[in-house]
Amino acid sequence: MAADRPFFTVVTPVYQGLAFLEGCVKSLLAQTFGSYEHLLIDDGSPDASGKLCDALALADGRIRVIHTFNGGVTSARNFGIREARGRWLLFLDQDDRLSPYALETIRAALPSAGCDLVSWKFHNVWAEMAPGPCGPHRRYARQQMGLFYRTDTMHYVWTKAFNTDFLHAQGLLFDESIQDGTDDLPFVNAYCRTWFTLHPGAGVWYLEQPLYYYETGNEASVSNRRQPFLESHLTMFTDLMQDMDRLYGAPEAEQAPLYRRCLHTLAYGILSTPKPRRKALRQTVLRRPEVAALLDRMKRHKVYSPFYLPYRLGSTSLVCFLFRSFEGSKWWYWKFYWLGYYLLGGDWQRD
């Protein structure tokens, strides 16, 4: 291992990033821990983002620019993984920022964590970011992965430190066929599955102060675009539930937020599917055995979601109506929420 090897590699895919990229890079330049390289992966951006990357790299030697063809965010992230030289790899999206104390806090946590994975909280209000090197930290044992899911960080690659040598040795990369912004969870699932298989006593070391600032005002972000239902949406949740059961041994009852998140995400995909194709989803999605098994789990543990009855009824129209109201005034959403709750007996656990 080279003596001058940086401790962190931070990977940032860049595509039409002029509005936010400089703030993203400056959040790294402001870090209180400086042993890092910042890889800016210019994903064939048609605007001047590539030139901005080059200018930023000239100003600080820790910034490295890779110009490539437009292959999407998964392709750009894979370039970053292959080129990473740091001991630990972090992901930072071009429109987001890190707390000035993020790298210092993560660096301090890693030796204490041992074989545990290290994850941290995020926030979308900059004023709520960690005001200094921070604690407390909480450890989730392997069997507590259902409880860890409640932190709302499991889905995202930018709330975790990945061992670079492990990534390279295992050949772990993003699925480049996923181009709708849902590529994080399949990658996290694959990494955790491989890591916990090789480190059966490992858990998750969770840093409870927000270290990552998530920008919600970028309308050009892939996550803000409507994406129709894809098979991968169901697969990533099914895979995670199987891992919760078989690999982690997490009790079913502790997985309630995962069940609700699955129904919500599938509903978003159904509503986003063009109307001529939407009717077919009644058989291809709502009648799937995986969905039936999920609904059975929810019934067994009385886990309530307002989407539970529309899925049970196999009604894409009701699913779309409910999600459309959720995105709008929410008046009908809450009416249906309470109607469904009392129709089921009024004793199911709500979120």
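Placed above this text is the structure.
Residues numbered from 1 in each chain as written. Predicted model: local features only at pLDDT ≥ 70, side-chain atom pairs only at ≥ 80, totals over all residues. Heavy atoms only, no water.

1. Observations concerning the packing of aromatic side chains
Convention followed: Aromatic contacts are taken between Phe, Tyr and Trp rings whose centres are within 6.5 Å, Trp giving its six-membered ring; a plane angle under 30 degrees counts as stacked, one over 60 as edge-to-face, and the others as tilted. Note on conventions: DSSP H or I runs of at least 4 residues are helices, E runs of at least 2 residues are strands, and numbering of each starts at the N terminus. Any residue under 20% of the maximum accessible area for its type is buried, any over 50% is exposed, and the rest in between are partly exposed; the area is computed with a 1.4 Å probe on protein chains only. Only when the NZ of Lys or the CZ of Arg is both within 6 Å of the ring centre and within 35 degrees of the ring normal is a charge said to sit over the ring.
Throughout the structure, instances matching the rule amount to 40 aromatic pairs. Geometrically, the ring pair formed by Tyr304 and Tyr337 is edge-to-face, given 5.2 Å between the ring centres and 90° between the ring planes. With a gap of 33 residues between them, Tyr304 in the loop between helix 12 (289-301) and helix 13 (308-312) and Tyr337 in helix 15 (residues 331-343) connect regions that are remote in the sequence. Accessibility expressed as a relative area gives 2% for Tyr304, which makes it buried. Looking at Tyr337, the relative accessible area reads 3%, which means it is buried. Between Trp338 and Tyr341, the ring centres sit 5.7 Å apart and the planes meet at 90°, which makes this aromatic pair edge-to-face. Here Trp338 pairs with Tyr341, and both are found in helix 15, just 3 residues apart, close to one helical turn. Among the residues examined, Tyr341 registers a relative accessible area of 9% and is labelled buried. An aromatic cluster is present here, built from Tyr268, Tyr304, Phe307, Phe323, Phe326, Tyr333, Trp334, Tyr337, Trp338, Tyr341 and Tyr342 joined pairwise through their rings. Sitting over the face of the ring of Phe7, Arg107 holds its NZ or CZ atom 4.4 Å from the ring centroid. For Arg350, the ring lying beneath its charged end belongs to Tyr341, and the centroid distance is 5.5 Å.

2. As for a nonpolar patch on the surface
Where we set the bar: Note that patches include only residues with greater than 30% relative accessible area and no salt bridge, and the join distances are 9 Å for like charges and 5 Å for nonpolar side chains (Val, Leu, Ile, Met, Phe, Trp, Tyr). Areas reported as accessible are Shrake-Rupley estimates using a 1.4 Å probe. Residue values count occlusion only from the protein chains shown. Here, a salt bridge means any Lys or Arg side-chain nitrogen found within 4 Å of an Asp or Glu carboxyl oxygen.
Together, Phe321, Trp331 and Trp332 line one region of the surface with nonpolar side chains, adding up to about 360 Å² of accessible area. Relative to the assigned elements, Phe321 resides in helix 14 (residues 316-327). Classification of Phe321 by relative accessible area gives partly exposed; the value is 33%.

Read these as geometric descriptors, not functional statements.
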